[in-house]
Amino acid sequence: MNGAESGTGSAGLSALWELLAGQFDGGFGGGFEGGFSIWLPTGSALVLFGLLGMLLAASILRKLLAFNVMGSGIFLLLLALRPTGPDGVADPVAQALILTGIVIALAATALGVRLARRYFELTGQTELPEDRDTARDD
Amino acid sequence: MIAADLLLALALLLLAAAALLARSVQIGSVLFIAFGLVLALVWVRLGAPDVALAEAAIGAGVAGALLLLAASEFESRRSGSASARAAGPRLPWPRPQRSRPRWVLGALALACAGLLLLAAQAIEPLAGAATEAVAHALPQAEIAHPVTAVLLSFRAYDTLLEIAVLLAAVVAVKAAPAPLQRPLPHDPVLARVTALTVPLALLVAVYLLWAGSSRSGGAFQAGAVLAGAVLLARFASLPLDPQSHLTRPPLLALGLAVFILIGLGAGALAGAALGYPAGWVKPLVLAIEAALMVSIAATLVALFGGGKAA
């Protein structure tokens, strides 16, 4: 399944990769020989989006959305770091860890959503006081 | 293959950005659900169908629906009372004096993500050490599917604690009372579609549970499908609405209780806590998974909260 990523296609692939992903890592070319993965930069970019969303968004719900995007990025990194097995099946330990992580992230999100709803009920606000000076959204 | 990968990665990033930058959180939640479904495709591409099932059902479906529900509630209540919007903060906390330096935060986040990428690139791949260890130990585990073997045999302690965390979350959610929901208007089309979908969903849930021992599937995916069926029936106002019974505390705690009891009882026979005596693995694991499925479905329904306005 991953034959295209190793062997003869590797050189052309690296060139294509450097062309496409130049914005992520300018002069960084060290990771190519060990079978590079486009999912590492993708996961890092998702973490970046989530981090920005959690820091800059005012609305609590939007922060929770960003929290979930960030978690997805972490899961992607976790699986991309494990090599796929010979039969195309990913590392079962990593899969089990991600399954657990998805459920825990959901539990945290549900708790956050309920707290946000309660806060809205009590105060009529959808953002925390320290975020209120930023533009009101949601 | 590489073109499909690039397309998937691009779609993932675009959907994530669109979800975070959407005009309203409602739109953002819908885009987040789409993001989760694309991510499920990525998991399939990376050879992790179990994760894909869980992502589509739990990560995209339940989390997105929770956010969408809350955003819709905020929106409808705020448009209902436009005067409250202009009333200003009612809490006596002081307003911050100056606006936050956004670009500093942005640069810090960029630095964090860049460092993360560098660190991840620098990690030497483990060359499948864990995969080999699991494949080596699989015959003793008597469970054909490696992911299920990891979840319920090799690392059963993790799963036990995960269920405990889920129970703690649902207790906390139930402690903050949800506002009563207005009865939804009857929609004949939705009711008809739901009447066809719910039996199918029940069948799929039982199949996923049974399949979990030999191929992809398991208690979490089955529980999510079951909860989806119950919630769909509730939103369509079908007379079948067991959610008031489903979210009782005994059912919520059933999975953890059965897991602990079997873990101790069978563990005493096997000589190690959370172990299984030889020859009994599959029935015991199936019993645990069935209890987990019921509890997870009850938990997910309870997380949505807001029972019928009695």
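Residues numbered from 1 in each chain as written. Chains lettered and ligands numbered in written order. Predicted model: local features only at pLDDT ≥ 70, side-chain atom pairs only at ≥ 80, totals over all residues.

Draft legend 1. Seen up close, the overall build of chain A. The secondary structure content of chain A amounts to 4 helices and 0 strands. Along chain A, helices and strands appear, N-terminal first, in the series α-α-α-α. Per-residue burial over chain A gives 50% buried out of 138 residues. A separation of at least 24 residues holds for 54% of the contacts in chain A among residues at least 6 apart in sequence. (Helix = DSSP H or I, 4+ residues; strand = E, 2+ residues; numbered from the N terminus. Buried ≥ 20, exposed ≤ 12 C-beta atoms within 10 Å, placed from the backbone. Contact = placed C-beta atoms within 7 Å.)

Draft legend 2. Main features of the nonpolar core. Core analysis: the largest hydrophobic core is formed by 125 residues, its most contacted members being A:L65, B:L67, B:M293 and B:A297. The residue makeup of this core includes at least three contributed by each of domain 1 (1-77) and domain 2 (142-310) of chain B. With near-sequence residues (within four places) excluded, A:L65 lies in contact with A:G53, B:A19, B:L20, B:V25, B:G28, B:S29, B:F32 and B:L67. (Core = buried A, V, L, I, M, F, W, Y, C linked by C-beta atoms within 7 Å. Domains from an automatic or database assignment.)

Draft legend 3. Molecular detail of the packing of helix 1 (residues 2-21) of chain B against helix 2 (residues 25-45) of chain B. All names here are of chain B. Interaxial distance between helix 1 and helix 2 falls to 8 Å at its minimum, and their mutual angle equals 160°. With respect to their mutual orientation, helix 1 and helix 2 come out roughly antiparallel. Between helix 1 and helix 2 the crossing geometry is left-handed. Contacts from D5, L8, A11, L12, L15, A16, A18, A19 and L20 of helix 1 reach helix 2 at G28, L31, F32, A34, F35, V38, L39, L41, V42 and R45. Across the contact of helix 1 with helix 2, the residue classes break down as 16 nonpolar, 1 polar and 2 charged. (Axes fitted to C-alpha atoms, helices over the stretch in contact; angles between N-to-C directions. Parallel < 35°, antiparallel > 145°, perpendicular 65-115°, else oblique. Left-handed = near helix turned anticlockwise from the far one by under 90°. Nonpolar A, V, L, I, M, F, W, Y, C, P; charged D, E, K, R; others polar.)

Draft legend 4. Just helix 12 (residues 249-270) of chain B, in detail. Residues and elements named next belong to chain B. For helix 12, which comprises 22 residues, the first-to-last C-alpha distance of 31 Å matches the rise-based estimate of 32 Å (1.5 Å per residue) to within 8%. Those residues of helix 12 not exposed but buried are L252, G255, F259, G263 and A266. Against the buried residues of helix 12 lie helix 8 (156-175) and helix 13 (281-304). A positive backbone phi angle near 90° is found at G271, which sits one or two residues after helix 12. (Expected span 1.5 Å × (residues − 1).)

Draft legend 5. Quick peek at the domain arrangement of chain B. Residue and element names in this part refer to chain B. What the domain assignment lists for chain B is domain 1 (1-77) and domain 2 (142-310). For domain 1 and domain 2, the distance between their C-alpha centroids amounts to 23 Å. Between domain 1 and domain 2, the contact holds 10 residues from the first and 12 residues from the second. A per-class count over the side of domain 1 that touches domain 2 returns 8 nonpolar, 1 polar and 1 charged.

Draft legend 6. The environment of B:P250, seen in detail. In this fold, B:P250 is placed in helix 12. Here the alpha-carbon distance between B:P250 and B:S295, two residues 45 residues apart in the chain, equals 9.0 Å.

Draft legend 7. View of helix 1 of chain B. The first and last C-alpha atoms of helix 1 of chain B sit 28 Å apart over 20 residues, in line with the 28 Å expected at 1.5 Å per residue. Looking only at helix 1 of chain B, the buried set comprises B:L8, B:A9, B:L12, B:L15, B:A16, B:A19 and B:L20. Down the axis of helix 1 of chain B, the buried side of the element spans an arc of 135°, and every buried residue falls inside it. Seen from the open side of helix 1 of chain B, the exposed residues pointing more than 90 degrees away from its buried face are B:A3 and B:L7. Of the surrounding secondary structure, the elements contacted by the buried residues of helix 1 of chain B are helix 2 (39-56) and helix 3 (60-80) of chain A together with helix 2 of chain B. (Arc of directions from axis to C-beta.)

Draft legend 8. Region of interest: the packing of helix 4 (residues 92-123) of chain A against helix 7 (residues 146-154) of chain B. Between helix 4 of chain A and helix 7 of chain B, whose axes approach to 8 Å, the crossing angle comes to 60°. By the angle between their directions, the pair helix 4 of chain A and helix 7 of chain B is classed as oblique. Remark: the crossing between helix 4 of chain A and helix 7 of chain B carries right-handed chirality. Residues A:P92, A:V93, A:Q95, A:A96 and A:L99 of helix 4 of chain A pack against B:P146, B:V147, B:V150 and B:L151 of helix 7 of chain B.

Draft legend 9. Seen up close, the interface of chain A and chain B. At the interface, 78 residues of chain A touch 81 residues of chain B. Looking at the side of chain A that touches chain B, the elements with two or more residues in it are helix 1 (9-20), helix 2, helix 3 and helix 4 of chain A. A per-element tally of the side of chain A that touches chain B places helix 4 of chain A first, with 24 residues. The residue makeup of the side of chain A that touches chain B, split by class, is 46 nonpolar, 20 polar and 12 charged.

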